[in-house]
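Commentary on secondary and tertiary structure
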Amino acid sequence: MLATGIKNKIELNVTDKNTAKAVGSGTLEVYATPQMVNLMETCACFSVEPYMEPGKTTVGISLNISHVSATPAGLKVWCESELTAIDGRKLTFSVSAYDEHGLIGEGTHERFIVDIQKFMAKTQGKLKQ
């Protein structure tokens with residue numbers, strides 16, 4: 001049952017492929033902010049996926065985060081998420097990212113529960129316009 005308090009944790013190793021220089025979000029060989037954002041969204045998304053009714057999923061609708069510390073390639077990073085609020089179909093998560101030396105980013109992330117077929121039909125309809 002979908003309820004506040006659902007938590008998740010995922011981790012990865014920072015490599016040359018997910019640095020700011022490699023993804024084009026900067027010029028330094030440090031863990032890229034867009035990659036941290038992806039880690040946070042993935043962590044939140046998959047924390048609630050087992051609780052979705054058949055034919056439903058969640059989509060990200062907002063993210064308010066701070067990237068507070070740089071991480072070089074070669075270190076492990078991880079994200080922890082917690083579902084903190086449910087307002088109808090809107091889900092709010094607390095997200096935090098860490099490397100082996102402490103906090104590297106934190107904030108809130110909102111996702112919305114959608115019907116997959118309706119959502120994709122509406123989205124694909126843009127191609128016909």
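Each remark here, short or long, concerns the structure printed above.
For the structure given in this document, a descriptive report is provided here. (Residues numbered from 1 in each chain as written. Predicted model: local features only at pLDDT ≥ 70, side-chain atom pairs only at ≥ 80, totals over all residues. Heavy atoms only, no water.)

1. Comments concerning the side chain of H109
- Mapped onto the elements, H109 comes out in strand β5 (residues 102-115).
- A polar atom in the side chain of H109 sits 3.0 Å from the side chain of R111.
- Beyond its immediate stretch of four places on either side in the chain, H109 contacts E41, A44, G60, S62, L63, L91, T92, F93 and V95. (Helix = DSSP H or I, 4+ residues; strand = E, 2+ residues; numbered from the N terminus. Polar contact = N/O pair within 3.5 Å; in protein donor to acceptor, adjacent residues only side chain to side chain. Contact = heavy atoms within 4.5 Å.)

2. A short note on the environment of N18
- Within the fold, N18 resides in the loop between β1 (7-13) and α1 (20-23).
- Remark: the alpha-carbon pair of N18 and T84, spanning 66 residues in sequence, is separated by 29 Å.
- Non-local contacts of N18, meaning those with residues more than four positions away in its chain, are made with L12, N13, V23, V30, Y31, A32 and Q35.

3. Quick notes on the pattern of salt bridges
- Counted by the stated rule, this structure contains four salt bridges.
- Where K21 meets E29, a salt bridge forms, and the shortest distance between an N and an O atom there is 3.8 Å.
- Residue R111 pairs with E41 through a salt bridge whose shortest N-O separation is 3.3 Å. Here E41 lies in helix α2 (residues 33-48) and R111 lies in strand β5, a separation of 70 residues in the sequence. (Salt bridge = Lys/Arg side-chain N within 4 Å of Asp/Glu carboxyl O.)

4. Quick word on the packing of aromatic side chains
- Summed over all chains, the structure comprises one aromatic pair.
- For the ring pair W78 and Y98, a centre distance of 5.9 Å and an interplane angle of 20° mean the geometry is stacked. Separated by 20 residues along the polypeptide, W78 in strand β3 (residues 76-87) and Y98 in strand β4 (residues 90-99) bring together distant segments of the chain.
- For Y98, a relative accessible area of 23% puts it in the partly exposed group. (Phe/Tyr/Trp six-rings, centres within 6.5 Å; stacked < 30°, edge-to-face > 60°. Buried < 20%, exposed > 50% of the residue type's maximum accessible area, 1.4 Å probe, protein only.)

5. Focus: the sheet that holds β3
- Sheet architecture is open: five strands sit in the order β1-β3-β4-β5-β2, paired in antiparallel fashion. Looking along the sheet, the strands with just one partner apiece sit at the ends: β1 and β2 (56-67). This sheet shows a mean twist of 25° between the axes of neighbouring strands, independent of strand direction.
- In this sheet, β4 lies alongside β3 in antiparallel orientation, the contact comprising 10 bridges. (Pairing = 2+ DSSP bridges. Axes fitted to C-alpha atoms, helices over the stretch in contact; angles between N-to-C directions.)

6. Some points on the pairing of β4
- With seven of 10 residues buried, β4 lies mostly within the body of the structure.
- Where β3 folds back onto β4 in an antiparallel hairpin, the turn is made up of two residues, including G88, whose phi is positive at roughly 65°.
- Examined bridge by bridge, β4 and β5 share 10 bridges and lie antiparallel to one another. Bridge pairing links F93 to H109 in β5.
- Where β4 folds back on β5, the antiparallel hairpin that results is connected by two residues.

7. Things to note about the nonpolar core
- Counting residues in hydrophobic clusters, the biggest one holds 19 residues, and the most contacted among them are Y31, V48 and F93.
- When residues of this core are assigned to their parent elements, the largest contribution, six residues, is made by α2.
- The contacts of V48, once residues within four sequence positions are left out, are L2, I6, T58, L83, L91 and F93. (Core = buried A, V, L, I, M, F, W, Y, C linked by side-chain atoms within 4.5 Å.)

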